[in-house]
Amino acid sequence: MAKGKHAQNKGQIRQEKVLHPTSRKVLKIARKATHRSNVDAKGKVGMQRLSALAEKFAWLRDNLPGVLDDEGQISKESMLELVGGLMSRFDEELEQINIKKSIGGKHRKNQHNSREDAINHTMQLEKSDFEGCGMELPDLFDPANLEYFTAWNGEVRFVQNIKLRRMRRAELEDTDEMETAG
C-alpha cells in the first residue's frame, strides 16, 4: 500500500523501484542491517567466552575428585595442584602436533600452526593471569559452591550460576602466613 487510505491503481505500482543511494529510506535500511549484525556478533562473542569458560570448568570438575581431602573439602595446596594441572592440560595435544610436524613433508609442517598458536596464546594468557592479577576460577573454598560445582552437568547456560573468585599463585602459596594470622 502506498500513501493515503486507498490502494493505488495497478499502473502506478512499480515493483522494481530504484532508490537513491543516499535517500533517507536506504540509510534507514542500512542502519537496521548494521544494528542487526552488531547485535548478532555481540551475542556470539559472549557465547564463545562462556563456552571457553565452561570447557575450562569441565576440566576442573573432572579432575577435582583427585585433589579433594577425606571430608570433601579442598585445601590451598590441592587447589594449587589443580591449577597446575589446568595449565598443563594442552601438553599432550602439543606433543601430538610436534609428532605430526616431524613426520610430514614441507607442506605438512604448517598444517597445525593455527591450533598450536591458539594453544600457546591461551597458555601464556592463563599463566600471566595466574602469576599477576589472578585467574578467574570457581570458588571451591565455599562449601555450597563446591557442592553446586561438583553437581554441575557441564551445560554452558549454568556456568553463570557458579560463583567465581580471582586466585593468584601468591595467595595460594601463602598458607603459613594465612594460618598464623587467622
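Being a predicted model, the structure only gives us computed values, none of them experimental.

Engineer: Any details on the overall build of the protein chain? Residues and values, ideally.
Structural biologist: When helices and strands are tallied, the protein chain shows seven helices and two strands. Secondary structure of the protein chain in N-to-C order comes out as α-α-α-α-β-α-β-α-α. A compact globule built from 182 residues would reach a C-alpha radius of gyration of about 16 Å, whereas the protein chain, at 27 Å, exceeds it by more than 25%. In terms of overall dimensions, the protein chain has C-alpha extents of about 90 × 55 × 30 Å along its principal axes. Within the protein chain, the proportion of its 182 residues that are buried is 22%. Taking all contacts inside the protein chain whose residues are at least 6 apart in sequence as the whole, residues at least 24 apart take part in 72%.

Engineer: Before we move on, can you summarise helix α4 (residues 113–131) with the specific residues and values?
Structural biologist: Taking 1.5 Å as the rise per residue, α4 with 19 residues should run 27 Å; its terminal C-alpha atoms sit 27 Å apart, in good agreement. Three or more residues of α4 are buried, namely Glu-116, Ile-119, Glu-126 and Phe-130. Buried residues of α4 fall within an arc of 105 degrees about the axis and therefore sit on the same side. Exposed side of α4, more than 90 degrees from the buried face: Ser-114, Asp-117 and Gln-124 are the residues found there. At its buried positions, α4 is contacted by α1 (24–63), α2 (76–87), α3 (91–103), β1 (135–138), β2 (164–167) and α6 (169–173).

Engineer: Outline a positive patch on the surface, listing residues and values.
Structural biologist: A grouping of Lys-28, Arg-31, Lys-32 and Arg-36 is seen on the molecular surface, where their side chains present a positively charged patch. Position of Arg-36 relative to the elements: it lies in helix α1.

Engineer: A description of the packing of aromatic side chains should follow, citing residues and the corresponding values.
Structural biologist: The tally for this structure, following the rule as stated, stands at two aromatic pairs. Measuring from ring centre to ring centre gives 6.1 Å for Phe-57 and Phe-149, while their planes differ by 80 degrees; the resulting arrangement is edge-to-face. Pair noted here: Phe-57 is in helix α1 and Phe-149 is in helix α5 (residues 143–151), with a separation of 92 residues, a long-range link. Taking the relative accessible area as the measure of exposure, Phe-57 reaches 0% and is therefore buried. Ring geometry for Phe-149 and Trp-152: centres 6.1 Å apart, planes at 15 degrees, overall stacked.

Engineer: Break down the pattern of salt bridges for me, citing the residues and quoting the values.
Structural biologist: Opposite charge on two side chains lets them pair, provided their charged atoms get close. For the structure on display, the rule yields eleven salt bridges. Of the charged contacts, one joins Glu-131 and Arg-169 as a salt bridge, the two residues approaching to 2.8 Å between their closest N and O atoms. Taken as a pair, Glu-131 in helix α4 and Arg-169 in helix α6 lie far apart in primary sequence, 38 residues in all. The class of Glu-131 is partly exposed, set by a relative accessible area of 41%. Looking at Arg-169, the relative accessible area reads 27%, which means it is partly exposed. In this structure, the salt-bridge partner of Glu-155 is Arg-157, at a minimum N-O distance of 2.8 Å. For Glu-155, a relative accessible area of 30% corresponds to the partly exposed category. Because the salt bridges share partners, they merge into one network encompassing Asp-139, Asp-142, Lys-163 and Arg-165.

Engineer: How would you sum up α5? Please name residues and give values.
Structural biologist: Buried within α5 are the following residues: Asn-145, Leu-146 and Phe-149. Across the axial projection of α5, the buried residues extend over an arc of 100 degrees, all falling on one side. Relative to its buried face, α5 has exposed residues pointing more than 90 degrees away, namely Ala-144, Glu-147 and Ala-151.

Engineer: Got a sec to walk through the nonpolar core? Specific residues and values, please.
Structural biologist: Ranked by size, the top nonpolar core spans 23 residues in total, and within it Phe-57, Leu-64, Met-79, Leu-82, Leu-137, Leu-140 and Phe-149 carry the most contacts. If you list the elements that add at least two residues to this core, you get α1, α2, β1 and α5. Examining the composition of this core, we find that five residues originate from one element, α2, more than from any other. The residues touching Leu-137, leaving out its near neighbours within four places in the chain, are Phe-57, Leu-60, Met-79, Val-83, Leu-86, Lys-163, Leu-164, Arg-165 and Met-167.

What counts and how
Residues numbered from 1 in each chain as written. Predicted model: local features only at pLDDT ≥ 70, side-chain atom pairs only at ≥ 80, totals over all residues. Heavy atoms only, no water. Helix = DSSP H or I, 4+ residues; strand = E, 2+ residues; numbered from the N terminus. Rg over C-alpha atoms; globule rule 2.2 N^0.38 Å. Buried < 20%, exposed > 50% of the residue type's maximum accessible area, 1.4 Å probe, protein only. Contact = heavy atoms within 4.5 Å. Expected span 1.5 Å × (residues − 1). Arc of directions from axis to C-beta. Patch = residues over 30% accessible without salt bridge, like charges linked within 9 Å, V, L, I, M, F, W, Y side chains within 5 Å. Areas by Shrake-Rupley, 256 points an atom, 1.4 Å probe, with all protein chains shown as cover. Salt bridge = Lys/Arg side-chain N within 4 Å of Asp/Glu carboxyl O. Lys, Arg positive; Asp, Glu negative; His and termini not counted. Charge placed at Lys NZ, Arg CZ, Asp CG, Glu CD. Phe/Tyr/Trp six-rings, centres within 6.5 Å; stacked < 30°, edge-to-face > 60°. Core = buried A, V, L, I, M, F, W, Y, C linked by side-chain atoms within 4.5 Å.

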